[in-house]
Amino acid sequence: MCGRYTLAATPASLAETLPGFEIPDDFSPRYNIAPTQGVAVAPNNGENRIDFFRWGLIPSWAKDPKIGSRMINARSETLAEKPSFRTAYKRRRCLVLADGYYEWRRETDRGPKTPYYIRMASEKPFAFAGLWESWRQAGEDTSLLSCTIITCPPNEMLERIHHRMPVILDEENYAQWLNPTEQTPAELNHLLAPYPAEEMTAYAVSRRVNQPKNDSAECILPE
């Protein structure tokens, strides 16, 4: 799964990653982004603008927005089947911007889990494949926008750390993923593959990242 990640990239570097998109100037570096917080996304709504959605998908039919805390990730293998994700997969896709993420591995059978920080070897920002939804409370005028991060089996490097990894899209596939027209799973499934291991790196970091309140550059320092 993907339960914590970072986005400390500058607006200028994000503009290079997403040319043609309006990038807010007030980005604050984030080193420990957690579920239910607002996260930077590029939705396929045709506006070509980075916005902030709540992390944890809330389907439009949900009675309680708390359901979103259980849907921070969506398995690539079942997107077309699950009622919570299948319509969004066809119509409401997004890029979730990041420059690294965390995963935990238990080094011994009874020992505590060690957090690892995973990023591009180039240290450039990238984008997770995501889905988004708009939810409105009965009687309210405004909608709550939310998102989820899609996961897939790990690549050769990451399989020693965890049995899943987030889907990281190649820049050449951004346009298709953000196409606002409805697409079928047959047109999209080939994009949901493990990112090449040789382009990524991972290293152990401090357990301070276990607490969401710790949100500083110390979280990504090698342990």
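Trainee: Just to check I follow, could you spell out the nonpolar core for this structure?
Mentor: Note that soluble globular proteins tend to have their nonpolar side chains buried in a common cluster. Core analysis: the biggest nonpolar cluster contains 65 residues, and Y5, L95, F128, W177 and M200 have the highest contact counts within it. Broken down by element, the residue count for this core peaks at seven residues, all from strand 9 (residues 126-135). If near-sequence neighbours (up to four positions away) are discounted, F128 is found in contact with C2, Y5, C94, L95, V96, A98, Y101, I149, P166, V167 and I168.

Trainee: In this structure, what is going on with the environment of W132? I would like to understand it.
Mentor: Note on placement: W132 falls in strand 9. Distance in space between the C-alpha atoms of W132 and G56 is 9.1 Å, their sequence separation being 76 residues. Discounting residues that sit within four places of it in the chain, W132 has contacts with P43, N44, N45, F53, L57, A88, R92, R93, C94, L145, S146 and C147. Reaching out from W132, the side chain makes a polar contact with the backbone oxygen of R93 at a distance of 3.4 Å.

Trainee: Would you mind going over the packing of aromatic side chains with me for this structure?
Mentor: The relation between two aromatic rings is expressed through the spacing of the ring centres and the mutual angle of the planes. Counting across every chain of the model gives 10 aromatic pairs. The aromatic ring of W177 is capped on one face by R93, whose charged end is 5.9 Å from the ring centroid.

Rules used throughout
Here the residue index of a chain counts from 1 through its sequence in written order. Given that this is a predicted model, residues contribute local features only at a pLDDT of at least 70 and side-chain atom pairs are listed and counted only at 80 or more, while totals for whole chains, interfaces and linings are drawn from all residues. With hydrogens and water excluded, all non-hydrogen atoms of the structure serve as input to the side-chain values. Throughout, nonpolar core names a set of buried Ala, Val, Leu, Ile, Met, Phe, Trp, Tyr and Cys residues whose side chains join them through atoms within 4.5 Å. Relative accessibility decides the category of a residue: with a 1.4 Å probe and only protein chains considered, values under 20% of the type maximum give buried, values over 50% give exposed, and everything between is partly exposed. A run of H or I in DSSP becomes a helix once it reaches four residues, and a run of E becomes a strand once it reaches two; helices and strands are each numbered from the N terminus. Contact definition: two residues touch when any of their heavy atoms are within 4.5 Å. The definition of a polar contact used here is a pair of N or O atoms within 3.5 Å, where within protein one atom must be able to donate a hydrogen and the other to accept one, and adjacent residues in sequence count solely through side-chain atom pairs. Within 6.5 Å between ring centres, the rings of Phe, Tyr and Trp (the latter by its six-membered ring) count as paired, and their orientation is classed by plane angle as stacked under 30 degrees, edge-to-face over 60, tilted in between. Sitting over a ring, as applied to charges here, requires NZ of Lys or CZ of Arg to be within 6 Å of the ring centre and within 35 degrees of the ring normal.

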